[in-house]
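Chain by chain, the residues:
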Amino acid sequence: MSRPNQVEISASALAHNLAVARQAAPKARVMGAIKANAYGHGAPLVATTLAAAGIDAFAVASVEEAEELRGLQLEPRYTALAGPFSAAEIPLAAAHGHRLVLQNFAQLQWLQKSHWQETLEVFVKFDSGMHRLGFAHNELAQVFSQLRSKLGGPLRVLGLLSHLARADTPEDPYNAEQIDAFQKACGTFGIHTAGEHSLPNSAAILALPQAVTPWIRPGLLLYGLAPLQGRSAAELDLQSVLRWRTEIVAIRTLRAGDWLGYGASWQSDRDCRVGVIACGYGDGLDRRLGLQQAPVLVRGQPSHLLGRVSMDLAFVALDGISAEPGDPVQILGGPELPLEDCAQRLDTIAYEIGTRIAQRVPRIRVP
Ligand SMILES: *Cc1c(COP(=O)(O)O)cnc(C)c1O
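Residues numbered from 1 in each chain as written. Predicted model: local features only at pLDDT ≥ 70, side-chain atom pairs only at ≥ 80, totals over all residues. Heavy atoms only, no water.

**So, the sheet that holds strand β4 (residues 77-80)**
The line we're drawing: One bridge is not enough; two strands pair if DSSP finds at least two bridges between them. Put simply, DSSP marks the helices as runs of H or I at least four residues long and the strands as runs of E at least two long, and each gets a number from the N terminus on. When checking whether two residues touch, look at their non-hydrogen atoms; a contact exists if any pair is within 4.5 Å. For helices, the fitted axis covers only the stretch in contact; all axes are lines through C-alpha atoms, and the angles between them, taken along N-to-C directions, range from 0 to 180 degrees.
In spatial order, the strands read β7-β6-β5-β4-β3-β2-β8; together these seven strands make up an open sheet with parallel pairing. Edge positions in the open sheet fall to β7 (155-161) and β8 (215-216), since each of these has one partner strand only. Bridge count for strand β6 (residues 120-125) against β7 is six bridges, and the pairing is parallel. Opposite F123, over in β7, you have G159 as the bridge partner. Across the sheet, helix α6 (residues 105-113) lies against β5 (99-102), β6 and β7, angled at about 130° from β5, the strand it touches most.

What follows is the structure, encoded as structure tokens:
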């Protein structure tokens, strides 16, 4: 028996959320963002499931992440969102069919001095106002002139690609400015590409139809997480994909005045029973959640964490719950324990909650 601590990934919820994206942009092709281990959900499992559900392509952070998934031999291809980090990644990407986003002039120089055989497909990153990666409008003429000059192998420019900075607040006029800048750039420079441009992320797919392009790039919504401020996942018909489960491994009986765990963080004011669970900060369970007494489900019944979270273990309250070692405890996920609520408690965003779940926690597929 292995340690009872795992993340369940719902295949039907992933497929449902993909259908929601398709419904919002029926003519677009979907490039699902599965970077950072699929936002912590487990990239191999998520990629396999979304490929079976008919997704068109995947977006990852790097050629390295694409390479890690290549052994799965899935049909959809990977796009490395920040492009190559060295000249050596160009022939590697070409040989294995990975697409690259070109976002700086050093990468264009690498294209001139590398050598490759198969047609390399690329997007050109346009900085429409996020000011993170990409070329400015007045640099694009030079970019396309360099891409038409002598390169080390065959190249196909699919289209321009850009990213919105404030799509989670769709009514913000900055979105219209960025969309306008993107459309102008596509109008002027689109002739140098195959016209397969790509702009919207999850929030824009659901709330900014004017941002839809031939390729859409949902991430968050595929995981059933709400991308728009002030609108819940349920409201947007999204289904939570992840449930993080562990078990009670020991039960302690405390007397009034007994201290619990590390430090002097919790003292019982009465006789009570406390469960010890097989999950700790070494699994990505934030230490602050113990002191905050964050909600959990013990045998499906509402309870909460207690005291200090340790590296491999934590405590749950058992007031009014009859539990034994081996009983299931749900820590996070599903509509019962939304990642969005946990994010709010920790003053962060749902993206970070998923990506914090440690590598050592196995991700398993459930229907
Ligand atoms: C992560 C990412 C996405 C997906 O964004 P979501 O908000 O999760 O839908 C799209 N485009 C780029 C460039 C990204 O880095």
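**Considering the site of the ligand**
Our working rule: Residues are counted as near a molecule or strand when any one of their heavy atoms sits within 4 Å of it. Each accessible area value is a Shrake-Rupley result obtained with a 1.4 Å probe; residue values ignore everything except the protein chains displayed when judging cover. Throughout this entry, Asp, Glu, Lys and Arg are counted as charged residues, while Ala, Val, Leu, Ile, Met, Phe, Trp, Tyr, Cys and Pro are counted as nonpolar. The remaining residues, Gly among them, count as polar.
Of all residues adjacent to the ligand, which total 13 residues, the nearest are K35, Y39, S202, L220 and Y351. Across the complex, the protein chains shield 93% of the 380 Å² of accessible surface that the ligand would expose by itself. Residue classes in the shell around the ligand are distributed as six nonpolar, four polar and three charged.

**Here's the deal with the domain arrangement of the protein**
Cut-off, in case you're wondering: Start and end positions for the domains come from either an automated domain assignment or a database one. Note on definitions: buried area is the accessible-area loss of two parts on being combined, 1.4 Å probe, summed for both.
Under the domain assignment used here, the protein contains domain 1 (11-223) and domain 2 (242-366). Its C-alpha centre places domain 1 at a distance of 38 Å from the equivalent point of domain 2. Contacts between the two partners involve ten residues from domain 1 and, on the opposite side, nine residues from domain 2. Here domain 1 meets domain 2 over a buried area of about 940 Å², counting both sides, of which 60% is carbon and sulfur.

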